[in-house]
Each structure stands twice: as structure tokens, then as C-alpha cells.
Amino acid sequence: MSISVEVPTPTSHSDLAAWVTRIAELTQPDRIEWCDGSEAEWTRLTNLLVEQGTFTRLAKRPNSFYAASDPSDVARVEDRTFICSEREEDAGPTNNWIAPDEMRRTFATLFKGCMRGRTMYVVPFCMGPLGGNISQLGVEITDSPYVVVSMRIMTRMGEDALRLIEERGAARKARESEARANEGRGKHDHEHGDFVKAVHSVGAPLAPGQADVPWPCSQTKYISHFPETREIWSYGSGYGGNALLGKKCYALRIASVMARDEGWLAEHMLILKLTPPQGEARYVAAAFPSACGKTNLAMLQPTIPGWKVETIGDDIAWMRFGPDGRLYAINPEAGFFGVAPGTGRSTNANAIETLWGNSIFTNVALTDDGDVWWEGLTDEPPAHLIDWKGRDWTPDSPEPAAHPNARFTTPAEQCPTIAPEWQDPAGVPISAILFGGRRATAVPLVTESFGWQHGVFLGANVASEKTAAAEGKVGELRRDPFAMLPFCGYNMGDYFAHWLEIGRMTDPEKLPRIYYVNWFRKDANGRFLWPGFGENSRVLKWIVDRLNGVADAVPTPIGNLPASLDTEGLDIAPEDMELLLSVDPEVWREEAALIPPHFETFGDHMPKELWDEYRALVQRLG
Ligand SMILES: Nc1nc2c(ncn2[C@@H]2O[C@H](COP(=O)(O)OP(=O)(O)OP(=O)(O)O)[C@@H](O)[C@H]2O)c(=O)[nH]1
Ligand SMILES: O=C([O-])CC(=O)C(=O)O
Ligand SMILES: [Mn+2]
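Residues numbered from 1 in each chain as written. Chains lettered and ligands numbered in written order. Predicted model: local features only at pLDDT ≥ 70, side-chain atom pairs only at ≥ 80, totals over all residues. Heavy atoms only, no water.

Draft legend 1. Looking closely at the overall build of the chain. Regarding its fold elements, the chain presents 17 helices and 31 strands. In summary, the chain has a C-alpha radius of gyration of 24 Å against a globular reference of 25 Å for 622 residues, a match within 12%. Taken along its principal axes, the extent of the C-alpha atoms in the chain is 75 × 75 × 45 Å. For the chain, restricting intrachain contacts to residue pairs at least 6 apart in sequence, the fraction spanning at least 24 positions comes to 73%. Surface accessibility of the chain: about 24,100 Å² in total, with carbon and sulfur atoms responsible for 50%. (Helix = DSSP H or I, 4+ residues; strand = E, 2+ residues; numbered from the N terminus. Rg over C-alpha atoms; globule rule 2.2 N^0.38 Å. Contact = heavy atoms within 4.5 Å. Areas by Shrake-Rupley, 256 points an atom, 1.4 Å probe, with all protein chains shown as cover.)

Draft legend 2. Focus on the sheet that holds strand 21 (residues 372–373). Pairing within the open sheet is antiparallel, and its four strands lie in the order 21-20-22-23. Both outer strands of the open sheet, strand 21 and strand 23 (392–393), are each paired with one neighbouring strand and no more. Here strand 20 (residues 365–367) pairs with strand 22 (residues 385–386) via two bridges, running antiparallel. Pairing of Thr367 across the sheet is with Leu385, part of strand 22. (Pairing = 2+ DSSP bridges.)

Draft legend 3. Region of the structure containing the coordination of the manganese ion (ligand 3). The protein atoms that coordinate the manganese ion (ligand 3) are Lys248 (NZ), His268 (NE2) and Asp315 (OD), at distances of 2.2 Å. Classification of the site at the manganese ion (ligand 3) rests on its six donor atoms, whose angles at the metal span 74 to 173°, yielding the label octahedral. Along the chain, the residues donating to the manganese ion (ligand 3) are arranged with the sequence spacing K-x19-H-x46-D. Of the two residues, Lys248 sits in helix 8 (residues 246–262) while Asp315 sits in the loop between strand 15 (308–313) and strand 16 (317–321), which places them 67 residues apart along the sequence. Accessibility assignment for this pair places Lys248 and Asp315 in one class, buried. (Donors = N, O, S within 2.8 Å, 3.2 Å for Na, K, Ca; no water. Tetrahedral: all angles 85-135°; square planar, octahedral: opposite > 155°, others 65-115°. Buried < 20%, exposed > 50% of the residue type's maximum accessible area, 1.4 Å probe, protein only.)

Draft legend 4. Seen up close, the packing of aromatic side chains. One pass over the full model with this rule turns up 32 aromatic pairs. With a centroid separation of 5.0 Å and an interplanar angle of 75°, the aromatic rings of Phe435 and Phe482 are classed as edge-to-face. Remark: Phe482 occurs in the loop between strand 28 (477–479) and helix 12 (492–504) and Phe435 occurs in strand 25 (residues 428–436); sequence separation between them is 47 residues. Exposure class is identical for Phe435 and Phe482. Each is buried. Here the guanidinium or amino end of Arg80 rests over the ring plane of Tyr222, the centre of that ring lying 4.6 Å away. (Phe/Tyr/Trp six-rings, centres within 6.5 Å; stacked < 30°, edge-to-face > 60°. Lys NZ or Arg CZ within 6 Å of the ring centre and 35° of its normal.)

Remember that the coordinates give geometry; whether it matters functionally is a separate question.
This is the structure in C-alpha cells:
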């Protein structure tokens, strides 16, 4: 195949140049641009997006934009997400699988000419601080300028990342020629190339003269991952979780495979720093399913006096053992792609402060004076809005003004609580790991695991009521082990085994302690029993006090519960508090009965240790 435009290849990295040329020949764009990540490029592309009608410039927020997606392209599409491993068994029972050869044949047709009439952007990026040991490199090719500007907020994108890819390439070449000189003595490592290759198209080629739409996308969607070759191919969607390929596709699905192979962890976790009034700062990581409170907890404003929370990350953590045998975490992202609805001054003032400018708002509502609004931003809605579907909206309108999965894209460095060490390439040492989900019943406010293996058992059993972050019915209870169900790039049974293996890689004393939390318990009338948000600091305090050996716990069949929680100044009925910190053996026998069918889906990939934990739980429940 040939292409009528010249393919610029301003790089010394020959594999990268060859790959870009190959993709251009396949997709046939009208123009090709290499992104440098500069301010000038941002200005040019945001202006272009305004001209095309994708963006509306916000009069009230500097350098900020409103975008409304096609109404069919608002969330991750889990049933169109594929792990294309060589063996179906390696994708496991929780992932959709298509054989890599078959997927490649499909893509050879689907991507053929799919960028006609559009510009193909080449976006080099780094996940994690530039040059850091835990950081990883990638290049996304995309035909969406919305994706380019979003990637500039969410990753370290452009010139610097390209230079790192070129340096890696040069270093590899030097290693290879040395190995050749030593004639096979320097045996080759299994090399995966110097960067992850990610191809994205909205799947909406334009015929000559055909007018574009504000949000091009396709009814045909594929979000595909090739774990063995560390490649990502995404077609048909412009929505963040499907299209910003550094995020879920790379930093979770591909990175989880790298982490399995290399002895580290790539997790759907926030990272926060907690400093008690007197005493040492602690770092905590927490995994909750999508739209279950990670961003909120990461930016929490403690209601207990003297305690301070600072933010390292709100969605993804990469953790590796440091030289001292402790687990160190980095946030591989540079921005927040957060749920807008429910974010307001009373729930997450720090997020609101972060959003002062330089931000993109997708599927929120537009105010008459050129600002954005969503349910929960203010107590009183404005008298008139343009809703996310572009219609006039008043408080009497039957539908919400913002889509429930409306999102903001904003630079992490703008967060008032961002920790000074958030970009430390060495990461921060993790003292505690929290799991949780939305559970209206049964699950206490906080439970401490008996140890690492029991903690892995708790993680493997995470269940949550479904949210709007993915297509499907909201509210249904589903298992979401480690909050990684949609994000684990390999067999989840093997993933559980990997977590157990991590626990054997260091001195048990140096491992983080594992907790299970639930902010979402409801009473018979459907009202949340726990006030949540800033009050969650009371739970964090108990956890830190436990780490420091100064708080008591009561053993129960499911784990250790607080003997008491600091509720000073909290307006909560004693009977509610009692329910929040209770374990009903009858209810838990029913809960336990749901575990075997869940574990059985993993067949002989399910580690024996977790079955042991199940049997021990049943025995404790009597
Ligand atoms: N009741 C209650 N709701 C909460 C609490 N914390 C967060 N939420 C709600 O959870 C929803 C989304 O939470 P986020 O923090 O944005 O979710 P996330 O886990 O970061 O989600 P992703 O970005 O999708 O991975 C919002 O509707 C919040 O109002 C809490 O402590 N109590
Ligand atoms: O990927 C997205 O669309 C946003 C996100 O964090 C999630 O769904 O967990
Ligand atoms: Mn997420």
C-alpha cells in the first residue's frame, strides 16, 4: 500500500518511524503530525476543536472547554473490550477473548482507510515521572485531536517522551551489538521493544468534501489488547476510558501483564498521604470500582482536627519493591479524569479548586454565562442550562442535565492538596491497602484482614453495585475482584496467585496491611447510614492507629473490626453506628455461600490458598 501524503518521521528511532509509516499506509490519513506537547500545540488544537464544534470555550474558566459526546459514546464498553492473548486460557473467564490472528485480520480491514479526511497524530508519552525507574513509555497514534489534548493533561506527552524512547532504542542497539560481539554469550532477554504501541481511530473516515460532526465515532467498537506483543488497538470510540490509551488500556491491562512477568503490581488504586497531628506521615493505596469514591478519598478533607490528607494519585498505582523490601507506589498519570456528578464544594472542595482552569469538561451541562454545571455541583441548580444532549434544561426537566458519567480532565498539579512528592520517581512507601465497593447491606464500614493472604481473599471477593462508568444496568451487584474486573489483562485466577506471590517476596512485616471499607451501607429506607466523604477520615485514623499499635480491634469471623471509632463531633445515631460496625453471622453465611460459584469460574487457576481462606471463613461463621 502507499499513501499520497508524505509520512514525516522526525525520529532517530527506526522501529518507531517504520511503525508510524505502516499505520499511515493502512489508515490513509490526509495529514500526519508528530505531537511535541508544547503550549503552542495545545493552543492550536484547542482552537481547532472550537472551530470544529467539538469544544465550546468557557467564558468563566481560563483555557477550559466543554465537549458533548455523541449520546452513544459516553462510557467504557466492556463487552467490546478484548484481551487477544495467544491462548484463550490466558485471557481467563472474566475477559472477552479473540485470537490475535483473527483480531489482526479484522483490523486489517477495519482500519483500512479509516483516517481518510483526517489528521493522524503521533503522540509519544510517558506513564510516570519522566526518566523514572518505575515509569513506562508509549506512543499513541490517533485521529482525534480531543484525544491529543486530553493525553497532554493525563500523561507526560511530547518531545521529552520521544527523546526517552530514542535513548532506550540507542541503548538497546548498543546492548545488542555487544551481545553479537560476544557471540551469543550475552543471551537475549525477552525484548518487547522500547515503547508500547497504541493505535486509536474514531472509525469515521470522511469522504472528500464531507462535513465532519462534533463528535465522530462509530457504532462498531473494539478496544483490543495484545498482551504478548504489548500492543493496543482501539476503534470506534472517542470516550476517555476507550480512547486515552495510556490510561486503562496501558497503565492497567498491559501493565498488569508486565507486572506479572516482572514481579510488581499495576492496580486500579488511588494513593494518598496521611499525616496525623503528631507523628509520621503514612501512605495509603485504595482500590474501589469505577465511580465508587477513589477521587473523593484521594482528595479528602479530614473532619477530625489536626489530620492532613494529601493527594498522590486518584485512579492508578504502580507498585514495586524498594531496596528496603517495602512496596513503593507511583501514580503513572499526570491528570485526573474524574466523575463530575456528585462533585461539589461540600463533597470534594479540592476537586472543585483543581478545576479553576486548563480543564476539559465532557458531557456536563452548560450555563447561560459560559460555565459548566452538573448535579451536585451546587445545592440549587441554575434556572436554565443547556444539557449534555444540547437541549434547553430547567429544574423541571425530567432528565439530569449532566450525563451520570460526565467527566472532567484536569492537571494533577493544580490540585491544592497535591503532595510535594507526587512526582518522586522512586514512589512512596505504602503502609496500608484498602479495598471497597458499593454495598447497601452486610459489609461493615471497615474490616482489617488477619494478614496478607486473608487480605488477598478480601480483594478477590470485592463486590459492588454497578455504576454509570461502564455501559450496562446501574445498581446490579457484581463481583469486581480488586476493582480490576474490567482492567486485568490476563487470567484473573493467575492474578490472584500473583498477589499471593508478591506476599512471599518480602518480610511479612514490611508488607502493607490490608483493609476492606464500605461507605455505602444503607438503611431500610435507602438512606446512606454513613455520612462519608470528609468523615471517612475517621476510618483512616483508626487504620493509622492500628498501624501504630495504638487502637484496639475486635476479632470477628470476617476480620478485625474497630473496638471503637473516633466519632467526636459526628452527628450519627448510636444504633446506626452499631450497625455499621457489626457482623451478622446469618447474613454472612449467605455471603459466604456466594463465594464458591465465584471462585469456581477460575477453575484450576484459582489458588488453593484462597479456597483455604474460604473454608476458614465458613468454619469461623459456624
Ligand atoms: N455516599 C458516598 N458517596 C461517595 C463517597 N465518596 C464518593 N462518593 C460518590 O461516588 C461517586 C464517584 O466517586 P469518584 O471518587 O469520582 O470515583 P472513582 O472511584 O474515582 O471512579 P473512576 O474514576 O471511575 O475510577 C460520586 O457520585 C460520589 O458522590 C462517600 O464517602 N459516600
Ligand atoms: O476509564 C474511564 O473511563 C474512567 C475510569 O477511571 C473508570 O472507568 O474506572
Ligand atoms: Mn478508574
